[in-house]
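# Structural description and commentary
In case you want the letters, here they are:
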Amino acid sequence: MTDKQPAALQVGKRIAGGQGLSPVLLRRASEVELDWDVRQKSRIEATDTLGRALNVFLPRGTVLRGGDVLVCEDGSLVRVKAAPQPVLVVTHCADHGTPFDLLRAAYHLGNRHVPLELQPDRLLLEPDHVLADMLRAQHLIVTESSGAFEPEGGAYGAGDGAHAGHAHAHAHDHAHDHGHKHDHAEAHDHAEAHDHGHHDHGHDHDHGHSHDKPKAAGKAIAIPVVGQAKAHVHGPDCNHDHDHGHDHDHAHGHDHGHKKHDH
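These numbers were taken from a predicted model, which means no experiment stands behind them.

Our next topic: the pattern of salt bridges. Per the counting criterion, the structure on display carries 10 salt bridges. Across the salt bridge formed by D48 and R52, the nearest N and O atoms sit 2.8 Å from each other. Across the pair E150 and R65 runs a salt bridge, and its minimum N-O distance is 3.1 Å. Of this pair, E150 sits in the loop between β10 (140-147) and α5 (184-193) while R65 is found in the loop between β4 (53-57) and β5 (69-72), placing the two residues 85 residues apart along the sequence. By relative accessible area, E150 is classed as buried at 11%. Members of the salt-bridge network, linked through shared partners, are R39, R65 and E150.

Counting residues in each nonpolar core, the largest one holds 16 residues, and the members touching the most others are V90, L109, L123, L125 and L135. Residue assignment for this core shows that the elements contributing at least two residues are β7 (85-92), α3 (100-111), β9 (122-125), α4 (129-136) and β10. For L123, the contacting residues outside a window of four places in its chain are L88, V89, V90, L102, A105, A106, L109, L116, E117 and L118. Within the second largest apolar cluster, 14 residues are counted, among which are I44, L58, L70 and V78.

Our focus in this paragraph is unusual backbone geometry. Positive phi values are uncommon outside glycine, yet H113 reaches one of about 55°. As for its position among the elements, H113 is in the loop between α3 and β8 (116-119). Notably, H139 is not glycine yet its phi reads approximately 70°, a positive angle.

The strand order across the open sheet built from four strands is β8-β9-β7-β10, with neighbouring strands paired in antiparallel fashion. Each edge of the open sheet is held by one strand with a lone partner, namely β8 and β10. Averaged over all pairs of adjacent strands, the angle between their axes in this sheet comes to 25°, without regard to strand direction. By the bridge criterion, four bridges tie β8 to β9 in an arrangement that is antiparallel.

Let us now look at α3. The terminal C-alpha atoms of α3 lie 17 Å apart, and with 12 residues this matches the ideal 16 Å at 1.5 Å per residue to within 8%. Restricting attention to buried positions, one finds in α3 the residues D101, L102, A105, A106 and L109. Angular distribution of buried residues about the axis of α3 spans 140°; they occupy a single face of the element. With respect to the buried face of α3, the exposed residues turned more than 90 degrees away are L103 and Y107.

What follows is about the packing of aromatic side chains. Given two aromatic rings, their pairing is described by the distance between the two centres and the angle made by the two planes. Overall, the coordinates contain one aromatic pair when judged by the stated rule. Taking 6.3 Å as the distance between ring centres and 85° as the angle between the ring planes, the aromatic pair formed by W36 and F149 counts as edge-to-face. One end of the pair, W36, is in helix α2 (residues 36-39); the other, F149, is in the loop between β10 and α5, and 113 residues separate them in sequence. For F149, a relative accessible area of 0% puts it in the buried group.

Looking at the element boundaries, V142 is found in strand β10. A relative accessible area of 8% places V142 in the buried class. Considering only alpha carbons, one finds V142 and V90, 52 residues apart in sequence, at a separation of 4.7 Å. Those residues in contact with V142 that sit more than four places away from it in its chain are L88, V89, V90, A132, L135 and R136.

Read from one edge of the open sheet, six strands run β2-β6-β5-β1-β4-β3, paired in mixed fashion. Unpaired on one side and paired on the other, β2 (30-34) and β3 (43-47) mark the two borders of the sheet. For this sheet, the mean inter-axis angle between neighbouring strands, taken without regard to orientation, is 35°. Where strand β1 (residues 9-15) and β4 come together, three bridges link them in parallel fashion. Note on β4: the bridge partner recorded for V11 is V56.

Mapped onto the secondary structure, L58 falls in the loop between β4 and β5. C-alpha of L58 to C-alpha of R14: the two residues are 44 residues apart in sequence and 7.7 Å apart in space. Ignoring any residue separated from it by four or fewer positions in sequence, one finds L58 in contact with G12, K13, R14, S42, R43 and L64.

Rules behind the numbers
- Residues numbered from 1 in each chain as written.
- Predicted model: local features only at pLDDT ≥ 70, side-chain atom pairs only at ≥ 80, totals over all residues.
- Heavy atoms only, no water.
- Salt bridge = Lys/Arg side-chain N within 4 Å of Asp/Glu carboxyl O.
- Helix = DSSP H or I, 4+ residues; strand = E, 2+ residues; numbered from the N terminus.
- Buried < 20%, exposed > 50% of the residue type's maximum accessible area, 1.4 Å probe, protein only.
- Core = buried A, V, L, I, M, F, W, Y, C linked by side-chain atoms within 4.5 Å.
- Contact = heavy atoms within 4.5 Å.
- Pairing = 2+ DSSP bridges.
- Axes fitted to C-alpha atoms, helices over the stretch in contact; angles between N-to-C directions.
- Expected span 1.5 Å × (residues − 1).
- Arc of directions from axis to C-beta.
- Phe/Tyr/Trp six-rings, centres within 6.5 Å; stacked < 30°, edge-to-face > 60°.

Keep in mind these values describe shape, not function.
Structural data, given as structure tokens:
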């Protein structure tokens, strides 16, 4: 006679970021560790840290984030943890580029609908050697790493962004009641108070020049065009290891032959 396995717990509710739950309840909750590929599915089979089998059925399009809480059919809670996974970390090269290169890279990756996690000084994406080569050709440094991956959600995705743990439950009441009222009637009276009655000043404003004279066109400004230098590709053959401990001696030693002008 074999022991019968307990039936899997059914899960059909998600609390974004565990909002509204007391810290005591969250500490008592079990955990389930899921990577990004699993967390963006609406049907998930998993096992929590208590060894319980979970059958997760969420509305289609739901994305689980680290810190979310699942509510099981028996009322127990399960915290979602973003599992470490392989990622590419993209940073700008201080020697051959600028932080603006990251903004440009995010634009191009967004055009390709690449899941992308945005951080103040870096971008994270899932491993892809074609994209890695493209990014290195744009003055960017691409390294392989492992960690939790929380890509940005859709701009219209009802709080499914990468950092939507707090979910803005306060509903963003932008009434901005600062404790004083803007009496529009008073505003109108104030406007009337500033009616200086320019037609009653007793002078004709005849300044001896016509007010119908067209304004002179602005002076054109010449903008110099500087040729772009050949891109430095951060690949295996770029002759430096990007530890930024190397010195770039930019003393070109050019003798420009400037002669002293005797005035």
